[in-house]
Amino acid sequence: LKKGLRQEILSVFQKIFNQKVENIFFESVPPIIYIETENKVLPLSFYGEGTLRVFYIWLLAFELYYKASSSQENLVKVILIDEIENGLHYSIKPM
């Protein structure tokens, strides 16, 4: 992952998920994302299935946007998400 792109991902992650995140690491084999907060490095899965799912959806959207903005083609991309509420904590769901 390029340093600039990694910094962009970290910046958005801090805004969306947790401002205390200091760094983010991507390991390719096996594919694991690690989050560093307050001198602790934990896998993203430690934060729960909902956080992991939302992060992967956001990362997919980010990747599509990044590819579209760097491409000469006029790309239209759509992400369809079925049952997005699964895995999210009941307290954030509307009643």
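Residues numbered from 1 in each chain as written. Predicted model: local features only at pLDDT ≥ 70, side-chain atom pairs only at ≥ 80, totals over all residues. Heavy atoms only, no water.

### Notes on the pattern of salt bridges
Opposite charge on two side chains makes pairing possible when the charged atoms of those side chains draw close. Spelled out, the test is: Salt bridges are identified by distance alone: a Lys or Arg side-chain nitrogen within 4 Å of an Asp or Glu carboxyl oxygen. Numbering of helices and strands runs from the N terminus, with a helix taken as a DSSP run of H or I at least four residues long and a strand as a DSSP run of E at least two residues long.
Under the counting rule described, the total for this entry stands at 1 salt bridge. A salt bridge links Lys20 to Glu38; the nearest nitrogen and oxygen atoms lie 3.8 Å apart. Remark: Glu38 occurs in the loop between β2 (32–37) and β3 (40–43) and Lys20 occurs in the loop between α1 (3–16) and β1 (21–27); sequence separation between them is 18 residues.

### Examining the nonpolar core
Quick reminder of the rule: Here, nonpolar core refers to any group of buried Ala, Val, Leu, Ile, Met, Phe, Trp, Tyr and Cys residues whose side-chain atoms link them within 4.5 Å. Residue burial is assigned from relative accessible area. The probe radius is 1.4 Å, only protein chains are included, and a residue is buried under 20% of its type maximum, exposed over 50%, and partly exposed in between. Contacts: residue pairs with any heavy atoms within 4.5 Å of one another.
Judged by nonpolar contacts, Leu5, Ile9, Leu10, Phe13, Val21, Ile24, Ile33, Ile35, Leu44, Phe55, Trp58 and Phe62 together constitute the single largest core of 12 residues. Broken down by secondary-structure element, the contributors of at least two residues to this core are α1, β1, β2 and α2 (49–70). Not counting chain neighbours up to four residues away, the residues in contact with Ile24 comprise Arg6, Ile9, Leu10, Ile33, Tyr34, Ile35 and Phe55.

### Regarding the pairing of β2
Inclusion rule: At least two DSSP bridges between two strands are required for those strands to pair.
Summarising the sheet, β1 and β2 pair through 6 bridges and their orientation is antiparallel. Each residue of the ladder has a partner; that of Phe25, found in β2, is Tyr34. Here β1 folds back onto β2, and the loop between the two strands holds 4 residues. The sheet contact formed by β2 and β3 spans 4 bridges and is antiparallel.

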